[in-house]
Amino acid sequence: MFEYELQQIRSAELIREAQNHRMAREAIRSRRAVRRAARESAGNDPEGQAHSRRHRRHRFARVA
């Protein structure tokens with residue numbers, strides 16, 4: 001009987017752990033979706049983006 005109760009406790013712990021893991025993944029997905037939506041809406045801004053991913057050229061040539 002004692003082993004059965006231990007198994008029930010372990011099963012409940014695993015279920016809680018899995019639920020916490022699912023909630024964490026969902027939070028990450030929602031944060032990514034919000035960032036993606038903000039990035040897309042910033043791309044439609046009439047003033048454009050302040051920073052671009054393209055690298056700028058150096059103002060002066062490199063010294064040999």
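Please refer to the structure placed before this passage.
Computed from a predicted model, the values in this text were never measured in an experiment.

All right, on to the overall build of the chain then. Scanning the chain from terminus to terminus reveals one helix and zero strands. By element, 52% of the accessible surface of the chain is carried by carbon and sulfur atoms, the whole surface being about 7200 Å².

The next thing to look at is the pattern of salt bridges. The final tally for this structure, using the stated rule, is one salt bridge. Ionic pairing is found between Glu13 and Arg10, a salt bridge with its closest N-O pair at 3.6 Å. Of the two residues, Glu13 and Arg10 both sit in helix α1 (residues 2-43), three residues apart, roughly one turn of that helix.

A grouping of Arg22, Arg25, Arg29, Arg31, Arg32, Arg35, Arg36 and Arg39 is seen on the molecular surface, where their side chains present a positively charged patch. Here Arg29 is to be found in helix α1. Among the residues examined, Arg29 registers a relative accessible area of 54% and is labelled exposed.

Turning to a nonpolar patch on the surface, a few remarks are in order. Where nonpolar side chains cluster on the molecular surface, the patch consists of Phe2, Leu6 and Ile9 and spans about 320 Å² of accessible area. Residue placement: Phe2 occurs in helix α1.

Scoring rules and cut-offs
The residue numbers shown here count from 1 along each chain, following its written sequence. The model is predicted, so local features are restricted to residues of pLDDT at least 70 and side-chain atom pairs to those at 80 or more, both for listing and for counting; the totals for chains, interfaces and linings are taken over all residues. As a convention, hydrogens and water are excluded, and side-chain values are obtained from all of the structure's heavy atoms. Note on conventions: DSSP H or I runs of at least 4 residues are helices, E runs of at least 2 residues are strands, and numbering of each starts at the N terminus. Accessible surface area values rest on a Shrake-Rupley calculation with a 1.4 Å probe, where residue burial reflects the displayed protein chains alone. Here a salt bridge means any side-chain nitrogen of Lys or Arg lying within 4 Å of a carboxyl oxygen belonging to Asp or Glu. Exposure above 30% relative accessible area and no salt bridge define the residues that can form patches, which grow by joining like charges within 9 Å and nonpolar side chains of Val, Leu, Ile, Met, Phe, Trp and Tyr within 5 Å. Under the counting rule used here, the positive set is Lys and Arg, the negative set is Asp and Glu, and His together with the chain ends is not counted. Taken as the charge centre is NZ of Lys, CZ of Arg, CG of Asp or CD of Glu, depending on the residue. Partly exposed residues are those whose accessible area sits between 20% and 50% of the maximum for their type, while under 20% is buried and over 50% is exposed, using a 1.4 Å probe and protein chains only.

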